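# Structural features, examined
Letter by letter, the chains look like this.
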Amino acid sequence: MSLRAMSSYASFEFELDRVIAIIEERGAKKIGLQFPEGLRRSALQMAKKIEERTGAIVLISGNPCHGACDVDESLRTHVDVLFHFGHAEIEPMNKVVFIEVRSDADVIPALKQAIKLLKGRRIGLITTVQHVHKLGEARDFLTKHGKTCIIGKGDSRVKHDGQILGCNFSAARVDVDEFIYLGSGNFHPLGVTLATSKRVIIADPISNEVREVEPEPILRQRHTIIAKALDAKTFGIIVSTKSAQTRMELAERLQEKALRKGLEAHLISMDEITPERLLSFKADAFVNTACPRIAIDDAALFKTPMLTPIEFEIVLGERSWDDIKFDEM
Ligand code: SF4
């Protein structure tokens, strides 16, 4: 039996039978469920099915969940198994089972349009975990149309070939003319185009929209934020308490760099990083070593400039303005 969630154009598979089998195998009595925002509407239905079929007690996490790096640690201590839906594992964690949740959206209609925008012959294929099982089919389609397709292998943070994260574009470090990104949203393909200086065509299998990534607007926004931080004298360097986001060494290195330039820099340890929680710190600018998306996605919400580590190097005069990239872990 499967449990599926419908979006307007596709459904997502939650692997209910596998979840039940794991619960029975482990003799688990207390189960935790954690979903990212986009899948949360399936939470109650999932909990009901698990309770009916296993008699276990189910606790659903209501806390934010942005990625596989964002396991609900408090809930983990209270349950026998915590099922974390929607993301591929970054690092193994005791009691946590990652259920990736795949989309059944057909990738071919979007690829048919995307192929018209390609200029090169060697094409890199990249995607997020929801569509990673469709990469083989996408490669076959493009090969039939005369393209050579490369699906890169990412580093140890990335579970699947061709998979990219908002904080890791290592699967895109391949010798190609340009990329097709199978997926929704701009952040991942923007990161790839900045990391590789190659064109990226977005082919969204869910909406069937196809477009080329345009990095200029985000670059303009980032340059404005960097410019605002140029006169800063006191920096708050943020370190995440989430284990798969913690970069203490980097934070200490950045602090040392600032001190060497005669600036004041303090390390701030945080779990959820929000504009409200930073308001009371009287820093002139912040540097975020936690999830790289925070500085970019929430840029408009921060009253004080929020820099990435790479942008901080530009502020310190150690990197050129042209060499701006998205931060990676
Ligand atoms: S650090 Fe950010 S981008 Fe990376 S997996 Fe976690 S939420 Fe996603």
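Residues numbered from 1 in each chain as written. Predicted model: local features only at pLDDT ≥ 70, side-chain atom pairs only at ≥ 80, totals over all residues. Heavy atoms only, no water.

### Regarding the overall build of the chain
Worth spelling out the cut-off: In this text, helices come from DSSP runs of H or I with a minimum length of four residues, and strands from runs of E with a minimum of two, each type numbered from the N-terminal end. Both definitions apply: the radius of gyration is a C-alpha atom measure, and the globule rule equals 2.2 Å times residues to the power 0.38. Residue contacts are counted whenever heavy atoms from the two residues lie within 4.5 Å of one another. All accessible-area figures derive from a Shrake-Rupley calculation using a 1.4 Å probe, and residue coverage is judged against the displayed protein chains alone. Positive: Lys, Arg. Negative: Asp, Glu. His and the chain ends are not part of the count. Charged side chains are reduced to one point each, which is NZ for Lys, CZ for Arg, CG for Asp and CD for Glu.
Looking only at helices and strands, the chain has 11 helices and 16 strands in total. Over its C-alpha atoms the chain spans a radius of gyration of 21 Å, differing by no more than 12% from the 20 Å that the globule rule assigns to 329 residues. Along the longest, intermediate and shortest principal axes, the C-alpha atoms of the chain span 60 × 55 × 30 Å. Of the contacts made within the chain by residues no fewer than 6 positions apart, 64% connect residues no fewer than 24 positions apart. Just so you have it, the chain exposes about 15000 Å², and 49% of that area is on carbon and sulfur atoms. Within the chain, the 47 negative side-chain charges are centred at a point lying 2 Å from the centre of the 45 positive side-chain charges.

### Points about the site of the ligand
Going by this rule: Any residue with a non-hydrogen atom lying within 4 Å of a molecule or strand is treated as near it. Classification convention: Asp, Glu, Lys, Arg as charged; Ala, Val, Leu, Ile, Met, Phe, Trp, Tyr, Cys, Pro as nonpolar; all other residues, Gly among them, as polar.
Taken together, the neighbourhood of the ligand is formed by His-66, Gly-67, Cys-69, Ile-90, Arg-157, Gly-166, Cys-167, Gln-245, Cys-291 and Arg-293. Looking at the shell around the ligand residue by residue, the class counts come to 4 nonpolar, 4 polar and 2 charged.

### Observations regarding unusual backbone geometry
Here is the rule we go by: Residue exposure (1.4 Å probe, protein chains only): buried if accessible area is under 20% of the type maximum, exposed if over 50%, otherwise partly exposed.
Notably, Lys-95 is not glycine yet its phi reads approximately 75 degrees, a positive angle. As for its placement among the helices and strands, Lys-95 is situated in the loop between β5 (81-85) and β6 (96-99). A residue is classified by how much of its surface remains accessible, and Lys-95, at 25% relative accessible area, is partly exposed.

### Some words on the domain arrangement of the chain
Put simply, the rule is: An automatic or database domain assignment supplies the start and end points of every domain. When two parts are put together, the accessible area they lose, computed with a 1.4 Å probe and summed over both, is reported as buried area. Each salt bridge in this description consists of a side-chain nitrogen of Lys or Arg and a carboxyl oxygen of Asp or Glu lying within 4 Å of one another. The term polar contact refers here to a pair of N or O atoms within 3.5 Å; inside protein, the definition further demands a hydrogen-donor-capable atom paired with an acceptor-capable atom, and it admits residues adjacent in sequence only when both atoms are side-chain atoms.
Assigned domains of the chain: these are domain 1 (4-103), domain 2 (108-212) and domain 3 (220-323). Distance from the C-alpha centre of domain 2 to the C-alpha centre of domain 3: 30 Å. Across the contact, 5 residues belong to domain 2 and 5 residues belong to domain 3. Together, the buried faces of domain 2 and domain 3 total about 400 Å²; carbon and sulfur atoms form 67% of this surface. Contact with domain 3 buries surface across domain 2, with Arg-157, Cys-167 and Phe-187 losing the most and accounting together for 83% of the total. Linking domain 2 to domain 3 there are 0 salt bridges. Where domain 2 touches domain 3, the interface holds 1 residue pair in polar contact (both at pLDDT 80 or more). Grouping the constituent residues of the side of domain 2 that touches domain 3 by class yields 2 nonpolar, 2 polar and 1 charged.

### Here we look at the packing of helix α4 (residues 108-117) against helix α5 (residues 135-144)
Basically, it comes down to this: For every element, the axis is a line fit to its C-alpha atoms; helices are fit only across the contacting stretch, and the angle between N-to-C directions ranges from 0 to 180 degrees. Note that the term roughly parallel is reserved for angles under 35 degrees, roughly antiparallel for angles over 145, roughly perpendicular for angles of 65 to 115, and oblique for everything else. The crossing is said to be left-handed when, going from far helix to near helix, the turn is anticlockwise and less than a right angle, and right-handed when the turn is clockwise.
Packing of α4 against α5 brings their axes to within 11 Å, and their N-to-C directions diverge by 40 degrees. Considering their axes alone, α4 and α5 lie oblique with respect to each other. Our pair here, α4 against α5, has a crossing hand that is right-handed. Counting all contacts with α4, which are made through Ile-108, Leu-111, Lys-112 and Ile-115, the residues of α5 involved are Glu-137, Ala-138, Phe-141 and Leu-142. When the residues that make up the contact of α4 with α5 are grouped by side-chain class, the tally is 6 nonpolar, no polar and 2 charged.

### Details of the packing of aromatic side chains
The test is simple: Between 30 and 60 degrees the pair is tilted, below 30 it is stacked and above 60 it is edge-to-face, where a pair is any two Phe, Tyr or Trp rings, Trp via its six-membered ring, whose centres lie within 6.5 Å.
Under the criterion given, the structure shown has 5 aromatic pairs. Both rings, one in Phe-14 and one in Phe-35, keep their centres 6.3 Å apart while their planes meet at 55 degrees; by these two values the pair is tilted. Residue Phe-14 is located in the loop between β2 (11-13) and α1 (16-26), and its partner Phe-35 is located in the loop between β3 (30-34) and α2 (43-54); the two are separated by 21 residues in the primary sequence. For Phe-14, a relative accessible area of 0% gives the class buried. Ring plane angle 5 degrees and centroid distance 4.7 Å describe the contact between Phe-35 and Phe-85, whose orientation is recorded as stacked.

### So, the layout of surface pockets
Short version of the rule: The pocket and cavity definitions rest on a 1 Å grid over protein atoms only: a 1.4 Å probe that fits but cannot leave marks a cavity, an open set with protein on both sides within 12 Å along at least five of seven lines marks a pocket, and residues lining either have an atom within 4 Å of a point. Grid points are joined across faces, edges and corners, and a volume is the space filled by probe spheres set on the points.
Put simply, the second largest pocket is a space of about 280 Å³. Lining the second largest pocket are 18 residues, and of these Asp-70, Val-71, Glu-73, Lys-242 and Asp-271 lie nearest its centre. A per-class count over the lining of the second largest pocket returns 6 nonpolar, 5 polar and 7 charged. Residue assignment places the lining of the second largest pocket across two domains, with domain 1 (4-103) and domain 3 (220-323) each supplying three or more.

### Brief notes about the nonpolar core
For soluble globular proteins, the rule of thumb is that nonpolar side chains tend to be buried together. Quick note on the threshold: Here the nonpolar core consists of buried residues drawn from Ala, Val, Leu, Ile, Met, Phe, Trp, Tyr and Cys, with membership extended through side-chain atoms lying within 4.5 Å.
Counting residues in each nonpolar core, the largest one holds 26 residues, and the members touching the most others are Ile-31, Leu-33, Met-46, Ile-50, Phe-83 and Phe-85. Mapped by element, the contributors of at least two residues to this core are α1, β3, α2, β5 and β6. Element by element, the count of residues in this core is highest for α1, at 5 residues. Sequence-distant contacts of Leu-33, that is, excluding residues within four places in its chain, are made with Ala-43, Met-46, Ala-47, Ile-50, Val-58, Leu-59, Ile-60, Ser-61, Leu-75, Leu-82, Phe-83 and Phe-85. One finds Ala-229, Leu-250, Ala-251 and Ala-265 within the second-largest nonpolar core, a separate group that totals 22 residues.

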